[in-house]
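# Coordinates in review
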Amino acid sequence: MAKHVHKLIGSVYRETLPIPEDTPKVKGYDFNQGVNHKAVLQSYLNTGLQATNVGLAIQQINSMIEKRSTPVKVEKGCVDEDQSTCPCLRSCTIFLGYTSNLISSGVRESIRYVVEHNMVDVIVTTAGGIEEDLIKCLAPVYVGDFSMSGKDLYKKGLNRNGNTLMPEGNYIKFDNWIMPILTQMLLEQNTQGVRWTPSKVIHRLGREINNPESVCYWAYKNNIPVFSPALTDGSLGDMFYLFEDKNPGLIIDLVEDISKLNKLSLAANSSGIITLGGGVAKHHICNANAWRNGADFAVYVNTAQEYDGCDSGASPNEAVSWGKIRAEAKPVKVFADASIIFPLLVAETFAVHVNKTTNGKTN
């Protein structure tokens, strides 16, 4: 039987067009040079894959910080309340958003560092991002394991969040701590006409906790507004429910807060977005920036995909279509666990600038 012969058609290889000389070449860190963690992080930019996105995120955040530190000519009107903190007085307003699991984890300390040193201007988080920060000032959270039996943990009074464990007793301490504060807030509402909003509640709780380990405490000290449009979606909601059952009448106004957030965005001369995780914390910031025709800088860190159409996985490019990020911006999304990535980002961005400022004052 004759063999079938199928000849190759044309050349096996395609011609490569000239590559621009300034195109980065892929190269990782060479450990023959010794263990140098800073150099390892700096090598990420040319490592490829998500490491390159981490390198680009470092550049983007440093651009925000450098823009924020430059002098500005005041061109816009001030927002209400404390005009000394109006975004119109800064060249760049940095919005930081994060989900509650990061406060449950040790990323809380990285976030607290940034807030303590007044390196961001507006914060948006979930109810858990507030309550878990406060609860950790009252009692510890423990490291567990992702595979621990839910049935066994329930019997032991341990609540699992990923591989962290929140003892049920912590909520008892939180209940005992917050109820007198809510009582005072209701009194001030009824006798002084105080109109509570989520951001005002968080500001008050930061003052009351009076603990330098707390993110809320430093936000209070530095007068950084913290917004939480879903403030009832967690233990705080449970506390409001239990309080309302015996002391009806406490009102928390969401509308005043959304107005305040959008005005902060409108007053910004330029803006930068850093979101860790997705959901309401991410979208609330992006939507506010749409009022100023989009942010000038943006970094997303999350593991969500966009194929299901949810906002958590929405890419920066999708945000451009809504006017949440400006078309000329160079946003970066890092597809990775923020508990790994954010401390690294802080090490190469905020911490570097804080150290420069500190050393400058010392010298």
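The structure we're discussing is the one just above.
We now turn to the structure provided with this report. Given the structure is predicted, the values throughout are model-derived calculations rather than measurements.

With that settled, the discussion passes to the side chain of Asp-257. Among the structural elements, Asp-257 can be located in helix H11 (residues 254-267). Lys-260 is the oppositely charged side chain nearest to the buried, salt-bridge-free Asp-257, at an N-O distance of 5.5 Å. A distance of 3.0 Å separates polar atoms of two side chains, one belonging to Asp-257 and the other to Thr-197. With sequence-adjacent residues up to four places away left out, Asp-257 is seen in contact with Thr-197, Pro-198, Ser-199 and Phe-227.

With that settled, consider helix H10 (residues 235-246). Along its 12 residues, H10 runs 17 Å from first to last C-alpha, staying within 8% of the 16 Å computed at 1.5 Å per residue. Buried residues of H10: Ser-235, Leu-236, Gly-237, Met-239, Phe-240 and Phe-243, and no others.

The next thing to look at is the sheet that holds strand S8 (residues 297-302). Read across the open sheet, the six strands follow the order S6-S2-S1-S7-S8-S9; overall the sheet is parallel. The open sheet terminates on both sides in strands that have one partner only, identified here as strand S6 (226-227) and strand S9 (332-335). Where strand S1 (residues 93-98) meets strand S7 (residues 271-276), six bridges bridge the pair, whose relative direction is parallel. Note on S7: the bridge partner recorded for Phe-95 is Ile-273. In the packing of helix H2 (residues 49-68) onto the sheet, the strands contacted are S1, S7, S8 and S9, and the crossing angle to S9 comes to about 140°.

As paired elements, S8 and S9 share four bridges and run parallel to each other. Counted as the bridge partner of Val-299 is Val-332 from S9. Taking the sense of rotation as the criterion, the β-α-β connection linking S8, helix H13 (residues 316-322) and S9 turns out right-handed.

This brings us to the pairing of strand S5 (residues 164-167). Judged by which residues are buried, S5 turns out to be covered on both faces: Thr-164 and Met-166 on one side and Leu-165 and Pro-167 on the other are all buried. Direction of pairing for strand S3 (residues 142-143) relative to S5: antiparallel, over a ladder of two bridges. Bridge pairing links Val-143 to Thr-164 in S5. Pairing geometry for strand S4 (residues 158-161) and S5, over four bridges, is antiparallel. Residue pairing in the sheet places Asn-159 in a bridge with Met-166 of S5. Remark: two residues form the turn of the hairpin made by S4 and S5, two consecutive strands paired antiparallel; Gly-162 in that turn has positive phi of roughly 65°.

The rules behind the values
- Residues numbered from 1 in each chain as written.
- Predicted model: local features only at pLDDT ≥ 70, side-chain atom pairs only at ≥ 80, totals over all residues.
- Heavy atoms only, no water.
- Helix = DSSP H or I, 4+ residues; strand = E, 2+ residues; numbered from the N terminus.
- Buried < 20%, exposed > 50% of the residue type's maximum accessible area, 1.4 Å probe, protein only.
- Lys, Arg positive; Asp, Glu negative; His and termini not counted.
- Salt bridge = Lys/Arg side-chain N within 4 Å of Asp/Glu carboxyl O.
- Polar contact = N/O pair within 3.5 Å; in protein donor to acceptor, adjacent residues only side chain to side chain.
- Contact = heavy atoms within 4.5 Å.
- Expected span 1.5 Å × (residues − 1).
- Pairing = 2+ DSSP bridges.
- Axes fitted to C-alpha atoms, helices over the stretch in contact; angles between N-to-C directions.
- Right-handed = clockwise from strand over helix to strand, strands pointing away.

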